[in-house]
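So you can see what is in the structure, the chains are spelled out below.
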Amino acid sequence: MTARIGVVTFPGSLDDRDARRAVQYAGAQPVELWHDETSLHGVDAVVLPGGFSYGDYLRCGAIARFAPVMGQIVQAASRGLPVLGICNGFQILCEAHLLPGALARNGGLRFITRDVTIRIENDTSPWTRQYRAGQDIRVVLKSGEGAYMADPQTLARIEANGQVLARYASGNPNGSQRDIAGVVSEDGNVAGLMPHPEHAIDELTGPSADGLGFFASVLQAVAIP
Amino acid sequence: MSHDVVATARNASPAQDSVTAAAATPDRAQPFAALGLTADEYGRIAGLLGRRPTDAELAIYSVMWSEHCSYKSSRKHLRQFADKAPATDVLLAGIGQNAGVVDVGQGYAVTFKIESHNHPSYVEPFQGAATGVGGIVRDILAMGARPVAVMDALRFGPADAPDTRRVLPGVVGGISFYGNCLGLPNIGGELAFDPCYAGNPLVNALCVGVLRHEDLKLAAATGPGNQVILLGSRTGPDGIGGASVLASASFGGTGEGAKRPSVQVGDPFMEKLLIECCLELYQAGLVVGIQDLGAAGVACATTELAAGGGTGMRVRLDSIPLRDASLGPAEILMSESQERMMAIVEPRHVAAFLGICAKWEVPATVIGEVTDTGRLEMTWHGQQVVDIPPGSAANSGPVYDRPARRPAGQDALIAAGPARLPFPGTGAELRADLLLLLGSPDACDKTPVTEQYDHYVRGDTVLAMPHDAGLLRIDAQTGLGVALATDGNGRYCQLDPYAGTQLALAEAYRNVAVTGARPLAVTNCLNFGSPEDPAVMWQFTEAVRGLADGCLQLGLPVTGGNVSFYNQTGGTPIQPTPVVGVLGVHDDVRRRVGSGFTVADASIVLLGETRAEFGGSLWAWLRHRHLGGRPPAVDLEAERALARLLATAAERGLIRTAHDVSDGGLAVALAECCLSGGTGCVVQPPADPASFLFSESAARAVVTLTVAAAPELLRACEEAAVPAAVIGTTGGALLEVTGLFSVPLAELAEVYRAPLGDLVG
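Draft legend 1. Seen up close, the overall build of chain B. If you tally the helices and strands in chain B, you get 26 helices and 28 strands. Each of the 761 residues in chain B was classed as buried or not, and the buried ones make up 63%. Here the analysis covers contacts within chain B between residues at least 6 apart in sequence; of these, 86% occur between residues at least 24 apart.

Draft legend 2. Inspection of the overall build of chain A at higher detail. Of regular secondary structure, chain A possesses 5 helices and 11 strands. The C-alpha atoms of chain A give a radius of gyration of 16 Å, which matches the 17 Å a tight globule of 225 residues would have. Oriented by its inertia axes, the alpha-carbon framework of chain A measures out at about 40 × 35 × 35 Å. In chain A, which comprises 225 residues, the proportion classed as buried is 60%. Residue pairs at least 24 apart in sequence account for 75% of intrachain contacts in chain A once pairs closer than 6 positions are excluded.

Draft legend 3. Structural view of the sheet that holds strand 2 (residues 100-105) of chain B. All names here are of chain B. Strand order in this open sheet of 6 strands is 1-2-3-6-4-5, and the pairing throughout is mixed. At either end of the open sheet lies a strand with only one pairing partner, and these are strand 1 (91-93) and strand 5 (186-193). When strand polarity is set aside, the average angle formed by the axes of neighbouring strands in this sheet is 25°. In this structure, strand 4 (residues 146-156) lies alongside strand 6 (residues 202-212), joined through 9 bridges in antiparallel fashion. Looking at the pairing, Met 151 lines up with Leu 206 of strand 6.

Draft legend 4. A look at the interface of chain A and chain B. Taken together, the contact pairs 23 residues of chain A with 24 residues of chain B. Only helix 1 (16-25), strand 6 (112-120) and strand 7 (136-143) of chain A provide two or more residues apiece to the side of chain A that touches chain B.

Draft legend 5. Highlighting the sheet that holds strand 10 (residues 180-184) of chain A. Residue and element names in this part refer to chain A. Reading across the sheet, the 9 strands line up as 2-1-3-4-11-10-9-6-7 and stay open at both edges, with mixed pairing between neighbours. In the strand order of this sheet, the two ends are held by strand 2 (29-34) and strand 7, each with one partner. Strand-to-strand twist of the sheet, defined as the mean angle between neighbouring strand axes without regard to direction, takes the value 25°. In terms of strand pairing, strand 3 (residues 45-48) meets strand 4 (residues 83-86) through 3 bridges, oriented parallel.

Draft legend 6. Representation of the environment of Ala 721 of chain B in the model. Residues and elements named next belong to chain B. Relative to the assigned elements, Ala 721 resides in the loop between helix 25 (710-720) and strand 26 (724-730). Using a count of 11 C-beta atoms within 10 Å as the deciding quantity, one classes Ala 721 as exposed. Sequence spacing of Ala 721 and Leu 645 is 76 residues, and the spatial spacing of their C-alpha atoms is 9.3 Å.

Draft legend 7. Summary view of the packing of helix 10 (residues 268-283) of chain B against helix 13 (residues 350-359) of chain B. Residues and elements named next belong to chain B. With their axes 9 Å apart at the nearest point, helix 10 and helix 13 run at an angle of 150° to one another. Taken together, the axis directions place helix 10 and helix 13 in an arrangement best described as roughly antiparallel. Here helix 10 and helix 13 pass one another in a crossing that is right-handed. Packed against helix 10, whose contacting residues are Cys 277, Glu 280 and Leu 281, the element helix 13 presents Phe 353, Ile 356 and Cys 357 at the interface. Looking at the contact of helix 10 with helix 13 residue by residue, the classes come out as 5 nonpolar, no polar and 1 charged.

Draft legend 8. Geometry of the pairing of strand 28 (residues 741-744) of chain B. All names here are of chain B. As judged from the 4 bridges shared by strand 27 (residues 734-737) and strand 28, these two strands associate in the antiparallel manner. Within strand 28, the residue paired with Glu 736 across the bridge is Ser 742. Linking two consecutive strands that pair antiparallel, namely strand 27 and strand 28, is a turn of 3 residues; a positive phi of about 80° is found at Gly 739 within it.

Draft legend 9. Helix 7 (residues 125-141) of chain B, seen in detail. Between its first and last C-alpha atoms helix 7 of chain B spans 24 Å; for 17 residues at 1.5 Å apiece the expected length is 24 Å, and the two agree. Burial analysis of helix 7 of chain B places 17 of its 17 residues in the buried class, which makes it a mostly covered element.

Draft legend 10. Inspection of helix 26 (residues 745-760) of chain B at higher detail. Residue and element names in this part refer to chain B. The end-to-end C-alpha distance of helix 26, which contains 16 residues, comes to 24 Å, matching closely the 22 Å that a straight helix rising 1.5 Å per residue would cover. Along its length, helix 26 shows its largest kink, about 35°, at Ala 754, and proline Pro 755 lies within four residues downstream of that point. Of the positions making up helix 26, those classed as buried are Leu 748, Val 751, Tyr 752, Pro 755 and Leu 756. Of the surrounding secondary structure, the elements contacted by the buried residues of helix 26 are helix 16 (427-438), helix 17 (447-450), helix 23 (665-677), strand 27 and strand 28.

Draft legend 11. View of the environment of Leu 165 of chain A. Residue and element names in this part refer to chain A. Relative to the assigned elements, Leu 165 resides in strand 9 (residues 164-168). Between the C-alpha atoms of Leu 165 and Pro 11, which are 154 residues apart in sequence, the distance is 28 Å. Beyond its immediate stretch of four places on either side in the chain, Leu 165 contacts Glu 121, Asn 122, Ser 125, Thr 128, Gly 182, Val 183, Val 184, Ala 191 and Leu 193.

Draft legend 12. A look at the pairing of strand 2 of chain B. All names here are of chain B. The pairing of strand 1 with strand 2 spans 2 bridges and is antiparallel. The residue bridging Ala 93 from the neighbouring strand is Val 101, located in strand 2. Examined bridge by bridge, strand 2 and strand 3 (residues 108-116) share 5 bridges and lie antiparallel to one another. In the sheet register, Asp 103 faces strand 3, and the bridge partner there is Ala 109. As consecutive antiparallel partners, strand 2 and strand 3 are separated by 2 residues, and within that stretch Gln 106 has a phi angle of approximately 60°, a positive value.

Draft legend 13. Representation of the packing of helix 8 (residues 162-182) of chain B against helix 10 of chain B within the structure. All names here are of chain B. It is the contact of helix 8 with helix 10, at a shortest axis distance of 8 Å, that shows an interaxial angle of 35°. As helix 8 packs across helix 10, the resulting crossing turns out to be right-handed. When helix 8 is examined against helix 10, the residues Phe 177, Tyr 178, Cys 181 and Leu 182 are found in contact with a partner set consisting of Pro 268, Phe 269, Glu 271 and Lys 272. Across the contact of helix 8 with helix 10, the residue classes tally to 6 nonpolar, no polar and 2 charged.

Draft legend 14. Broad picture of unusual backbone geometry. Backbone torsion omega between Met 465 of chain B and Pro 466 of chain B reads 5°, so that peptide bond is classified as cis. Backbone geometry at Cys 87 of chain A places phi at a positive 55°, although glycine is not the residue there. Tracing the chain through its elements places Cys 87 of chain A in the loop between strand 4 and helix 3 (88-95). The backbone of Ala 721 of chain B shows a phi angle near 60°, a positive value even though the residue is not glycine.

Draft legend 15. Representation of the confidence of the model for chain B in the model. Residue and element names in this part refer to chain B. Residues of chain B with pLDDT of at least 70 account for 95%, and the chain-wide mean is 92. Taken as a whole, residues 1-14 scores under 50 in pLDDT and shows 22 contacts with residues more than four places along the chain or in a different chain. Every residue in residues 252-260 scores below 50 in pLDDT, and together they form 12 contacts with partners more than four places removed in sequence or on other chains. Scoring of the predicted complex yields 0.94 for pTM and 0.96 for ipTM.

Draft legend 16. Looking closely at the environment of Leu 333 of chain B. Residues and elements named next belong to chain B. Counting through the fold element by element, Leu 333 comes out in helix 12 (residues 329-334). Taking C-alpha positions, Leu 333 is 28 Å from Cys 181, a pair spaced 152 residues apart along the chain. When near neighbours in sequence (up to four residues on either side) are disregarded, Leu 333 contacts Ala 56, Ala 59, Ile 60, Gly 297, Val 298 and Ala 299.

Rules used throughout
Residues numbered from 1 in each chain as written. Chains lettered and ligands numbered in written order. Predicted model: local features only at pLDDT ≥ 70, side-chain atom pairs only at ≥ 80, totals over all residues. Helix = DSSP H or I, 4+ residues; strand = E, 2+ residues; numbered from the N terminus. Buried ≥ 20, exposed ≤ 12 C-beta atoms within 10 Å, placed from the backbone. Contact = placed C-beta atoms within 7 Å. Rg over C-alpha atoms; globule rule 2.2 N^0.38 Å. Pairing = 2+ DSSP bridges. Axes fitted to C-alpha atoms, helices over the stretch in contact; angles between N-to-C directions. Parallel < 35°, antiparallel > 145°, perpendicular 65-115°, else oblique. Left-handed = near helix turned anticlockwise from the far one by under 90°. Nonpolar A, V, L, I, M, F, W, Y, C, P; charged D, E, K, R; others polar. Expected span 1.5 Å × (residues − 1). Bend = angle between axes of the 7 residues up to and from the residue. pLDDT = per-residue confidence, 0-100.

The structure is reproduced here in structure tokens:
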């Protein structure tokens, strides 16, 4: 049976189509989830895609976290459902307190679109198990508020727990603390990543196909034996 | 979302002018001049109506008969695009629609258009540019298409001018903010600088959309009894008179803050919802006709829909949801509040229509109905305030045959050619000139600007900046795609607007061809000074004639376009700046050809003929501040032969890379190839190294190929009658011109990247 992976569309989501395509490339079945649904339709994992949910009004992700579908996702995540938030999705997961820290305005104060190299640090999460720790991959960063921030105690804790998912390895593009590009929850099933793996699944349209590993990993993680 | 204050306008002030009052008070003075109408035009309106217009009617005519909406000074000349149109079967909808629609095969059609937002972007750069993007996107949406990408062509004053520091970051920020938030990849455009744009920057935005043939929508209110629905943002007091007061008059140079309220404010989040909502409405078959609200707002949408359908329309102006309850009928008609559309819907579908709008949280209101009276009638709390034939406002505006006269100084300008300029001869001089050009704001790295734009979203971008054209995949199965490029060169057009416009066309055509695509159709944005200046009018007529003749010769239909007049500061017009957009079809984007040198030991071949042509060149301008003589010779047959050859070579896999040679000549082209691909090159110069490196002869491209493929390519060139010369080899970490000079790529990169980083901040 093919794994079914939900991709949430909030008003203002933009990379939902790209995320569904990446899920498909990896061999899974994408399931469209609408923001005001109260059921996850039994999906095996969920992706919160990039974009400007609710126009990023108030603060990135601050309104989306109250969407009806998020209530379901928070509950399912506590039971171990793999959840990946990309860019705006990462911001939403931080706002929902499923992930530690927050994303602030880029150091350069401008929106930047750039091909970046990130180094995978945690290769045990359901989203990264097909990579190996220390592996460099080429993906796309495109954001205006992508600087990862947390207080010193939180930073020390996530470093000690192995919750740093990946770091920028070709210079720090946005002022993220400790070059952090992505983090995972304590349980490891919820992941947030500022750069976009779904834009790096095909060399025709992206800088590499390195990003496909995120989707292939979760497919492996949820495989029914 | 309710960031708007919901205001229910119940401003039924008894002082409102009405049709009855107008008939009873024929001599009441009206402020037609302040609204941009002449006494003649005002008299004509009274003649059409058989009485003085009401205040609301005067508002409609003032915006619909403005230069911006009526094309009154250009219409006579624009007819050439139809009169000289090549025989074509690719055009599904042409000039006069919101945007032209072109058949690209496999049941797909593409619609594209470029439009100016110059004046608002000078007054308020961020919102001016942002709403320029928003407006052109709605034009594309109104055709029934999904918008899939944007581009922009920008011109600013000198990079070191104080006002450029205000205008450029604002414009780029506005485009970035609006386009990124809409989820449309920005796949290319242009950025150039000249003192003539210091008080009048150019912001031209292009959008392209894709639809199936059967999904084409037209702006026509048909079927009496059908309902008129306004959807999107509420109407506010923003942009009132933008088309007439702002876009159809010159700037005086100071005190433009007074015009600030005429600039609209954009909400890209609402536009994103509007796009998805409209596409779902189309899919459900609930839309009879649709029109976007841009310049002239409700006045334009109602008159054009009714005129387009050959029907009448009855509208209750007091039912339009407002952000400001104090607005009266005239202001509501003229408001250019953004993110609004007007749809014609059968009564039985209204409930389903409003249901889909509710799903997307897009406000939608029935404001009237289609009638068979042939009159556009509007009421305000029961009083009739408008009763006009819609075509009289939409189609029967004044047409002017403005006097055009070749400027007195034109002969002297041409006579002062570049022949007597000191040319570089030694290796050191040539090297210094290359670095001067490459380190200029015109030729330098545009990354600090373009990296503010998302070009990845939607996952179909195959090529974007810094390649010559943007290339988008349309069909993942077959690889069908479209390429788009825009070009324009004010210096060439200053010297010879006829040839200069054809050179812009030729360059855009070539830029599309180097990707391996076949050029198919043209759009244009004609940026000029005041049409009331006979010298400007001469430039304009020459440019239009050049474009129409050029398109006929290349076999490309002009699908639509936009004219922007009054681009001047005081009495000084900008250089004539027609920006030409060319759309091409790529049969299989997997065979796309990029521009950067990525592998070593490839042969470098220069296609086309190089002559000593420096009139209007970047070298003459930057090295000597010289502008004179004639621009490079136009040879459209050579362009056509080159484009065919490039398409064949891409299809047969003969070439690895291809790059257009234009501004700054071969030297700048080679430097761009080296830097974007990260590989150096060695080239052998002929006897005249200055022309070899810096001449801007047209119909040229630089390509690379494996040594093994060289004989086959050269044979193909001979068959196609395209001059070709092997000039060198890729490889190493230098750009080397044998016997003259070399520059390490690291030094090139440093010079190339310096100028804009500082400016953009």
